[in-house]
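Each chain is listed here by its residues.
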Amino acid sequence: MDELKLYTYIAVFGSFGMYFAIAWWARAGSTKEFYVAGGGIGPLQNGMAIAADWMSAASFISMAGLIAFLGYGGSVFLMGWTGGYVLLAMLLAPYMRKHGKFTVPEFIGDRYYSKTARIVAVACLIIASLTYIIGQMKGVGVAFSRFLEVDYGLGLGIGMAVVWVYAVLGGMKGITYTQIAQYVVLIFAYTIPAIFISMQLTGNPIPQLGLGSTLADGSGVYLLDKLDLVVTELGFKEYTTGQLGNNANMIAYTLSLMIGTAGLPHVIMRFFTVASVKAARSSAGYALVFIALLYTVAPAVGAMARLNLMHTIEPAAGENLVYAERPQWFKDWEKTGLLKFEDKNGDGKIQYSADKVTNEMVKVDRDIMVLANPAIANLPNWVIALVAAGGLAAALSTAAGLLLAISSSVSHDLMKGVFTPDLSEKNELLASRIVMTLAILVSGYLGLNPPGFAAGTVALAFGLAASSIFPALMMGIFSRKISGPAAVWGMCSGIGITMLYVFMHKGIMFIPGTSFLGGLEPNWFFGISPNAFGAVGAVVNFAVAFAVCRVTGPAPIEIQKMVDNFRTPAGGVNVAQDH
Amino acid sequence: MVENHSSYWQENLRIISKCLIIWFIVSYGFGLVLVEPLNEIRLGGYKLGFWFAQQGSIVTFVALVFWYSFKMNRLDKKYGVEE
């Protein structure tokens, strides 16, 4: 076994062993421990757990790659996936914590005094969470197959087993403490290679500053200016100004991601685990610090990876890399099919350009940038091993949070809340464990046989959460009068129109050929891409809800009193005592 | 209690509005709409609009959430509604 493989085994299985030990120590004995970790998690710890819960395989593996190839256009992900926390911290989290229940659909059911609203919320939650989890399972499979060279399916199976052990055993309590450990693993795995690369390229060890510095080659040229020059020479869009679609699309996309972030149930749930409203507010702050640590490094990783890639292929203008002399990482990724070269002009050298006719790098998958980055920059093997463990930590921590959101909405909202209210606590606990096991099997199956739409699913999950759950929660808190029927109609029309728009342009259930408006840009509503449509769906949700409320009348007076109660941190009945 | 509650809520809404105005300006304003004029200004190797879109807005978001938490803790004390 070579050195790299040995280090990777140590990093991956060492971190798994740590998660198991934590899970055994933090077993859940009651529904309160299973759903909200007993409700006594400190704000700093909760902030770390939220960060790991939130930062998925998409943040860790895909985002820097997206930025590397989109440049300025990639900013929508950076602003969208962090700006949502401002909304969450001010518009939702403190009040939902005060109300003091276990799940998001439960809050919606109470506020809108309606079992229908609760069931609709469960449906929205399951659709959004299940689409999201497929991406995590794929991330686990890819990390295993690339780094440990085991079969994709076997890697997926190992990942499923690991999540099963600590999520089913420990519930929210086990998940919280493993997420804290996973945050530490993933943030080191992300920043250490970035520090090395920033040092190499600019001499500045802080990647956020390195990105704005001059190159260390003595030329005195700023890194970003050099990058702009290199990419435009080959016909690509200028790195620091190239847009993603038009301006309206970038604004709608950012807004969709922001309100989608604020409306994702598995993140909101984490705010139920702290002891007070004050702790809910401050854990949002800590969470955003821990997230910003990765999110401000990502643009540096993206830009530097792009520059290194360009430099490898064309060390100096007009001097292209000879294919036979390509480096080892190039060969490794060619094996996975994510990197492909085709010698079109037969000169044995690699020509890379934006022109489809002469471009010989026929495939450069964006997802490989973060994983290949340490190898491209010739970093030591232990750094590469760390990146593998970090990618797995990011995927597993998010998968666990999503599984808990799904299982609690079935066992607590559907079973205990609606269909079998006389379920004992012990049986409810058993039921949520069984549901979670089933959810792991379903998501594993979907990860193994990804449906045609898997590629775009994570972005879609945000659009769905943005158009259904976020508006219902926000209206419920900021309007005392908004009524049950209004919320039900709002959620259904918001998620309905978003799905309709996506299906119109990408095919019904993403089956190619069934899209009746075509996926092409000229048909888009104001140039807004289907992934960015959640913002429009949210506006529809708000509008429909207020219209219905005007026609059918306001919420009853007890409900208005309940709203007053959860708007203030102290006073009134703390509903959490009921459990 | 009722009047007390409504003025507490009004003050909370004012703090939220201030935060969201700044939230909007740094991201949608500086990062997206005004990016081109701001790009004329440089911050080291960064064009300023690009910096807001990829760094500055995120740092501002962090500051906003902490500032909100600080202001609300003071407001809770003022109205005697802290836990």
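Quick notes on the rules
Residues numbered from 1 in each chain as written. Chains lettered and ligands numbered in written order. Predicted model: local features only at pLDDT ≥ 70, side-chain atom pairs only at ≥ 80, totals over all residues. Helix = DSSP H or I, 4+ residues; strand = E, 2+ residues; numbered from the N terminus. Rg over C-alpha atoms; globule rule 2.2 N^0.38 Å. Buried ≥ 20, exposed ≤ 12 C-beta atoms within 10 Å, placed from the backbone. Contact = placed C-beta atoms within 7 Å. Nonpolar A, V, L, I, M, F, W, Y, C, P; charged D, E, K, R; others polar. Axes fitted to C-alpha atoms, helices over the stretch in contact; angles between N-to-C directions. Parallel < 35°, antiparallel > 145°, perpendicular 65-115°, else oblique. Core = buried A, V, L, I, M, F, W, Y, C linked by C-beta atoms within 7 Å. Arc of directions from axis to C-beta.

Draft legend 1. Structural context of the overall build of chain B. When its secondary structure is counted, chain B shows 3 helices and 2 strands. Going residue by residue from the N terminus, the α and β elements of chain B occur as α-α-β-β-α. For chain B, the C-alpha radius of gyration of 17 Å lies well beyond 12 Å, the compact-globule estimate for 83 residues. With the C-alpha coordinates aligned to their principal axes, the bounding extent of chain B is approximately 55 × 20 × 15 Å. A total of 83 residues make up chain B; the buried ones form 40% of that total. Taking as baseline every contact in chain B between residues at least 6 positions apart, the subset at least 24 positions apart corresponds to 52%.

Draft legend 2. Structural context of the environment of A:Ala26. Examined against the element boundaries, A:Ala26 turns out to sit in the loop between α1 (3-25) and α2 (31-36). Non-local contacts of A:Ala26, meaning those with residues more than four positions away in its chain, are made with A:Gly170, A:Lys173, A:Gly174 and A:Tyr177.

Draft legend 3. Molecular detail of the interface of chain B and chain A. With 36 residues of chain B at the interface, the matching set in chain A holds 43 residues. Counting residues per element, the ones that place at least two in the side of chain B that touches chain A are α1 (2-33), β2 (46-47) and α3 (48-78) of chain B. It is α3(B) that contributes the most residues to the side of chain B that touches chain A, 17 residues altogether. The residue inventory of the side of chain B that touches chain A, partitioned by class, reads 21 nonpolar, 11 polar and 4 charged.

Draft legend 4. Just the packing of helix α13 (residues 277-313) of chain A against α3(B), in detail. Axis separation between α13(A) and α3(B) bottoms out at 9 Å; the angle between their running directions is 170°. By the angle class used here, α13(A) and α3(B) are roughly antiparallel. Every residue of α3(B) that contacts α13(A) at A:Lys278, A:Arg281, A:Ser282, A:Ala284, A:Gly285, A:Leu288, A:Val289, A:Ala292, A:Tyr295, A:Thr296 and A:Pro299 is listed here: B:Gln54, B:Gln55, B:Ile58, B:Val59, B:Phe61, B:Val62, B:Val65, B:Phe66, B:Tyr68, B:Ser69, B:Met72 and B:Asn73.

Draft legend 5. View of the nonpolar core. Residues and elements named next belong to chain A. Grouped together as the largest cluster of nonpolar side chains are 232 residues, with contacts concentrated most on Leu186 and Leu403. Ranked by residue count, the leading element in this core is α13, at 22 residues. Other than its neighbours up to four places away in sequence, Leu186 contacts Ala52, Met55, Phe60, Gly390, Ala393 and Ala394.

Draft legend 6. Geometry of helix α21 (residues 557-567) of chain A. All names here are of chain A. Every buried residue of α21 is accounted for by Met562, Val563, Phe566 and Arg567. Seen along its axis, α21 keeps its buried residues to an arc of 135°; they face one direction. When the buried face of α21 is taken as reference, the exposed residues oriented beyond 90 degrees from it are Ile557, Glu558 and Lys561.

Draft legend 7. Structural detail: the packing of helix α4 (residues 57-70) of chain A against helix α15 (residues 368-376) of chain A. All names here are of chain A. The contact between α4 and α15 brings their axes to 6 Å, and the two run at 90°. As the angle between them shows, α4 and α15 are arranged roughly perpendicular. Together, Phe60, Ile61, Ala64, Gly65 and Ala68 of α4 and Ile368, Met369, Val370 and Leu371 of α15 make up the contact between the two elements. In terms of residue class, the contact of α4 with α15 is made up of 8 nonpolar, 1 polar and no charged.

Draft legend 8. The arrangement of the environment of A:Ser256 in detail. All names here are of chain A. Relative to the helices and strands, Ser256 resides in helix α11 (residues 247-262). For Ser256, a count of 30 C-beta atoms within 10 Å corresponds to the buried category. A sequence separation of 172 residues divides Ser256 from Gly84, and the C-alpha atoms of the two residues are 9.3 Å apart. What Ser256 contacts, discounting residues up to four positions off in sequence, is Phe462, Gly463, Ala466, Ala532, Phe533, Gly534 and Ala535.

Draft legend 9. Region of interest: unusual backbone geometry. Residues and elements named next belong to chain A. One non-glycine residue, Ala37, adopts positive backbone phi at about 55°. Secondary-structure assignment places Ala37 in the loop between α2 and α3 (43-54). Taking the C-beta count within 10 Å as the criterion, Ala37 has 26 such neighbours and is therefore assigned buried. The residue Tyr113 is not glycine, and still its phi comes out positive at about 35°.

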